[in-house]
Amino acid sequence: MNKISFKIGLLFFVAIFLLESISMFFLHDNIIHSRVHDELSALQTRGNNHREILEASFQEETIRHIAMMEARTDTQVILTTPDDGIYMSSNKVTNEMKKILKGTPRSVPHDGLILEDDWKHATYIASISPVVIDNKVNGYVYMFQSTQKIKDLISGLNRHFLLAGLLSLLFMMIIIVFLTRAVTDPLIKMSDATKRISKGDFSVSLPKLGKDEIGELGESIKVLASDLEVLKNERNEFLASISHELRTPLTYIKGYADIARRADPASPDRDNFLGIIFEESVKLSKLVKELFDLAKMDENNFSIEKEEVHLLPYFQSIIEKVLPALKENQMELVLSCQSELSGVIDPIRFEQVILNLLDNARKYSEPNTKIIVGADTVDGKLQVIVHDEGKGIPEMDLARIFERFYRVDKSRTRALGGTGLGLSIVKQLVEAHGGTIEVFSSLGVGTTFKIIL
Ligand SMILES: Nc1ncnc2c1ncn2[C@@H]1O[C@H](COP(=O)(O)OP(=O)(O)OP(=O)(O)O)[C@@H](O)[C@H]1O
Ligand SMILES: [Mg+2]
């Protein structure tokens, strides 16, 4: 028995038990009340019947007849004179009866009275009916019945109630056991499933649980498990890529440092080696910085601080930074942006986006080609494009270039020094701005990146 089943079972039990006890109590009370009432009014009616016969013929013969009739029943009749003398009694008059006879009120209505109805404590229940002939009271008919009969009846009733109570208690328990099973079984299975997931077993199989909230919970757990599996695999791949990326420059640094250490300090080669070491360190620190940026974006603990920016001077200042590198490649850059155009962006982060795209456009283009940067509003949204006339991206790689460490050039020619992180950073930054980025490319013709904010 697990805790949840016990809790729910107990709850069911207490609720049903209370309900049953209360309704049984009222039923019991009602039955007793009406049984006692029946007995009392039967006794009274019997007394009234005798009284009527006596009123019709108040004779020795009739009185004897009534006494004889009562002697054979479980009731007893006593006929008294108006001044309380005992005329006739069907059975022996006991002390309890005498007490009741003495306690009779002065005036009794013609329909009679119940003199004793305390069936629990008294020995008898009793009634009185006056015999009135010619407007004069000729005597009183007293009826007595032992309360033992009622007591027996009620103890029989109690036995029945007890049996019914015990039986329904038994059924209740059986039903509760099944009910709680039905309710808690899926929960327990889910709890087991989550335990297995946390131990790394993602192959959770949960039975179909229907369309209610519990069913939804089960579905969510399954989704969670497969998401976790994907995440775990992604993380492993990512770690593998990182260690690979770090290993390459480190191997160079280590190798050249070793050679440089042993080389003649005066030799020109030594400067060459130190130059390579320096370059590799620069690459390494760039990689580490980019990874750090990505990690920050993943944790969502970097903030985008948007402000209204005049786009023409903004783009001009960015382009100024890349012009020297472009000149070196004999490339030309054209900016197309209306002077009054402005956008709400985070200037520092968005500059990172544009610089990354321009860096790619330069790296993956031949000399004497052109790069176009354009900004415009389309349907009320800011649209920025970076277009180049470079070598383009093959169709099959287009969908994946925003992935971390993804590079089209599988051999990863180190000549261009790319890490494959640039575009994934671009994408994250654009999405953090609430925007989208698309790419269009044809091999040998050029590539266009389109950002919509
Ligand atoms: N304008 C472009 N023309 C052709 N290929 C491109 C262009 N931009 C990106 N690519 C391809 O997409 C890949 C991923 O680009 P990304 O900017 O993410 O990485 P990278 O430029 O190799 O490295 P990093 O930007 O981190 O220095 C590149 O390796 C390149 O193959
Ligand atoms: Mg790049």
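Each chain has its residues counted from 1, following the order in which its sequence is written. As a convention, the first chain written is A and the first ligand written is 1, with the rest following in written order. This being a predicted model, a pLDDT of at least 70 is required before a residue's local features are given, and a value of 80 or more before pairs of side-chain atoms are given or counted; all residues contribute to the totals for chains, interfaces and linings. Side-chain descriptors were evaluated using all non-hydrogen atoms of the structure, hydrogens and water having been removed beforehand.

### With respect to the packing of helix α4 (residues 148–198) against helix α5 (residues 213–262)
As a reminder of what qualifies: Axis definition: a line fitted to C-alpha atoms, over the contacting stretch in the case of helices. Angles run 0 to 180 degrees between N-to-C directions. Comment: elements are numbered from the N terminus, with helices defined as DSSP H or I runs of at least four residues and strands as E runs of at least two. Should an angle lie under 35 degrees it is considered roughly parallel, over 145 roughly antiparallel, and from 65 to 115 roughly perpendicular; all remaining angles are considered oblique. Contacts between residues were defined by any pair of non-hydrogen atoms, one from each residue, lying within 4.5 Å.
Contact pair α4 / α5: the axes reach a minimum separation of 11 Å and the direction vectors enclose 10°. The pairing of α4 with α5 is recorded here as roughly parallel in orientation. Note on element contacts: α5 touches α4 through Ile 214, Leu 217, Gly 218, Ile 221, Ala 225 and Leu 228, opposite Val 183, Pro 186, Leu 187, Met 190, Thr 194 and Ile 197.

### Here we look at the pairing of strand β8 (residues 342–345)
Operational definition: Three exposure classes are used, based on accessible area relative to the maximum for each residue type with a 1.4 Å probe and protein chains only: buried under 20%, partly exposed in between, and exposed over 50%. Between any two strands, pairing holds if DSSP finds at least two bridges.
Because side chains alternate across β8, one face comprises the buried residues Gly 343 and Ile 345, and the other comprises Ser 342 and Val 344, none of which is buried. Sheet topology places strand β6 (residues 307–310) next to β8; four bridges connect them, and they run antiparallel. Across the sheet, residue Val 309 finds its bridge partner in β8, namely Gly 343.

### Focus on the pairing of strand β1 (residues 75–80)
A regular strand places its side chains so that they alternate between the two faces of the sheet. β1 sits mainly inside the fold: six of its six residues count as buried. Side chains Thr 75, Val 77 and Leu 79 project from β1 onto one buried face, and the interleaved Gln 76, Ile 78 and Thr 80 project onto a second face that is buried too. Sheet analysis places β1 next to strand β5 (residues 136–146), joined by six bridges and oriented antiparallel. If you follow Val 77 over to β5, its bridge partner there is Met 143. As paired strands, β1 and strand β2 (residues 86–89) are joined by three bridges and run antiparallel to one another. Bridge pairing links Leu 79 to Met 88 in β2. Hairpin geometry of β1 and β2 is characterised by an intervening segment of five residues between the two adjacent antiparallel strands and by a positive phi of about 70° at Asp 84.

### What about the nonpolar core?
Quick note on the threshold: The criterion is simple. A nonpolar core is a set of buried Ala, Val, Leu, Ile, Met, Phe, Trp, Tyr and Cys residues joined through side-chain atoms within 4.5 Å. Domain start and stop positions are those given by an automatic or database domain assignment.
Ranked by internal contacts, the top residues of the largest apolar core, which has 48 residues, are Phe 315 and Leu 358. Counting residues per element, the ones that place at least two in this core are α6 (268–298), α7 (311–328), α8 (347–363), β9 (370–378), β10 (381–388), α10 (422–432), β11 (436–442) and β12 (446–452). Per element, the largest residue contribution to this core is eight residues, and it comes from α7. Residues lining this core come from more than one domain, with at least three contributed by each of domain 2 (213–298) and domain 3 (307–452). With near-sequence residues (within four places) excluded, Phe 315 lies in contact with Leu 335, Cys 337, Phe 350, Ile 354, Val 373, Ala 375 and Val 384.

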